[in-house]
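Read off the chains here:
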Amino acid sequence: MRSLLLAAAQNQWLRDHATHYSFVRGAVSRFMPGETLDDALGAAEALRSKKIGTIFTHLGENVRDRSEAQQVTEHYLGVLDRIREKGLIAEISVKLTQLGLDLSPELCFEHLNTIIERAQKDSIVWVDMEGSSYVDATLELYRRALTAHPNVGVCLQAYLHRTKDDLAKLLPQRPSIRLVKGAYNEPPEIAFPSKQDVDENYFELGKQMLRAKKENHCVRAAFGTHDVALTRRLADFASAEGFAKKDFEVQMLYGIQRAEQERLASEGCNSIVLVSYGSYWYPWFVRRLAERPANLWFMVRNVFAG
């Protein structure tokens, strides 16, 4: 099921047609508050009332037009201004292919650098990780940005065999890291095919991140997962290592595990929700279904509910 969904995420015909079906749009509304920035800002204000932070991401990827990459950059600059105006505890997360990586790494870096310079210094600009073919380029640009700006973080994917080495190479630069499982269709020689192996690798990487944070080698150690059992294993490890609740950070997607998001916040943990918005939601949405195929039944129920 996961493989089928990941293939569907890349299918151009489905991209062009599925977004017009009302039952698909209805299912998507569970995972994103709307397509506009105002929709996302409204969700952030509601989350703030529950002591939950927000990360905004404007959906889109693989931009191949310079003017479009510039427009994306200007959009994020506007998002940062709106965050400041509203006094939100919020950050942003960007995809480098949306900033022009496929066009030119140098152009992409210029856009990324402009965004980081506009962000508040006590917040992080997160760099998403995309498919395995982009890992080297993403990490190269991240290291370059981190040399100039401490307020930039990167996403690492636990399902990739290489991530253990990538983490070790990053730690001397005192990075901020969001650890996720991974949501792209990768061959077994690149990624662990077994969920159990991915989970165990995630836990081992998470322990390394927490130890590095304790030793001041990692500024932010954030766990981007909806796997409650895995999160609690890491929370227990953090507690045994002497971490305060406020220093244990979990990042989840809007609309998923809401009760767990609120539980973490109520216990004093750093609970943050990634709020996605924009019209380019189809591939993102199907990858979310692939991460947890049980979510597919939620969409099916919407169909029969009319």
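Preceding block: the structure.
Residues numbered from 1 in each chain as written. Predicted model: local features only at pLDDT ≥ 70, side-chain atom pairs only at ≥ 80, totals over all residues. Heavy atoms only, no water.

A. Region of the structure containing the sheet that holds strand 2 (residues 90-94). Pairing is parallel around the closed barrel formed by eight strands, whose spatial order is 1-2-3-4-5-6-7-8. Between one strand axis and the next, the sheet turns through 25° on average, direction left out of account. The pairing of strand 7 (residues 249-253) with strand 8 (residues 270-277) spans five bridges and is parallel. When the bridges of strand 8 are listed, M252 appears paired with V273. Taken strand by strand, helix 5 (residues 66-86) contacts strand 1 (53-58), strand 2 and strand 8, and its axis lies near 170° from that of strand 2. (Pairing = 2+ DSSP bridges. Helix = DSSP H or I, 4+ residues; strand = E, 2+ residues; numbered from the N terminus. Axes fitted to C-alpha atoms, helices over the stretch in contact; angles between N-to-C directions. Contact = heavy atoms within 4.5 Å.)

B. Summary view of the packing of helix 9 (residues 195-214) against helix 10 (residues 228-240). With their axes 10 Å apart at the nearest point, helix 9 and helix 10 run at an angle of 30° to one another. By the angle between their axes, helix 9 is roughly parallel relative to helix 10. Our pair here, helix 9 against helix 10, has a crossing hand that is right-handed. Across the interface between the two elements, D199, E200, Y202, F203, G206, K207, L210 and R211 of helix 9 pack against L230, R233, L234, F237 and A238 of helix 10. A breakdown of the residues in the contact of helix 9 with helix 10 according to their chemical character gives seven nonpolar, one polar and five charged. (Parallel < 35°, antiparallel > 145°, perpendicular 65-115°, else oblique. Left-handed = near helix turned anticlockwise from the far one by under 90°. Nonpolar A, V, L, I, M, F, W, Y, C, P; charged D, E, K, R; others polar.)

C. Representation of the environment of I92 in the model. Mapped onto the elements of the fold, I92 is located in strand 2. Remark: the alpha-carbon pair of I92 and T57, spanning 35 residues in sequence, is separated by 5.9 Å.

D. Molecular detail of the side chain of Q157. For Q157, the location among the structural elements is in strand 4 (residues 152-157). On the accessibility criterion, Q157 (2% relative accessible area) is buried. Polar side-chain contacts of Q157 include one of 3.5 Å to the backbone oxygen of M129. Residues contacting Q157, with those up to four places away along its chain left out, are M129, E130, T163, V180, K181, G182 and Y184. (Buried < 20%, exposed > 50% of the residue type's maximum accessible area, 1.4 Å probe, protein only. Polar contact = N/O pair within 3.5 Å; in protein donor to acceptor, adjacent residues only side chain to side chain.)

E. Molecular detail of helix 5. Between its terminal C-alpha atoms helix 5 stretches 31 Å, which fits the 30 Å expected from 21 residues at 1.5 Å a residue. Every buried residue belonging to helix 5 is among A69, V72, T73, Y76, L77, V79, L80 and I83, and all of these are buried. Viewed end-on, helix 5 has its buried residues packed into an arc of 150°, placing them on one side of the element. In this structure, helix 5 carries Q71 and E85 as exposed residues pointing more than 90 degrees from its buried face. For helix 5, the elements touching its buried residues are helix 4 (37-48), strand 1, strand 2, helix 6 (105-118) and strand 8. At the C-terminal side of helix 5, G87 shows a positive phi close to 65°. (Expected span 1.5 Å × (residues − 1). Arc of directions from axis to C-beta.)

F. Here's a closer look at helix 4. For helix 4, spanning twelve residues, the distance from its first C-alpha to its last is 16 Å, which sits close to the expected 16 Å at 1.5 Å a residue. Within the span of helix 4, buried status applies to L37, A40, L41, A43, A44 and L47. The buried residues of helix 4 occupy an angular sector of 160° when the element is viewed end-on, so they sit on one face. In the core, the buried residues of helix 4 are packed alongside strand 1, helix 5 and strand 8.

G. Representation of the pairing of strand 8 within the structure. Among the eight residues in strand 8, seven count as buried, and that is most of the element. Pairing between strand 1 and strand 8: six bridges, direction parallel. Note on strand 8: the bridge partner recorded for F56 is V275. Handedness of the crossover joining strand 7 and strand 8 through helix 11 (residues 258-266): right-handed. (Right-handed = clockwise from strand over helix to strand, strands pointing away.)

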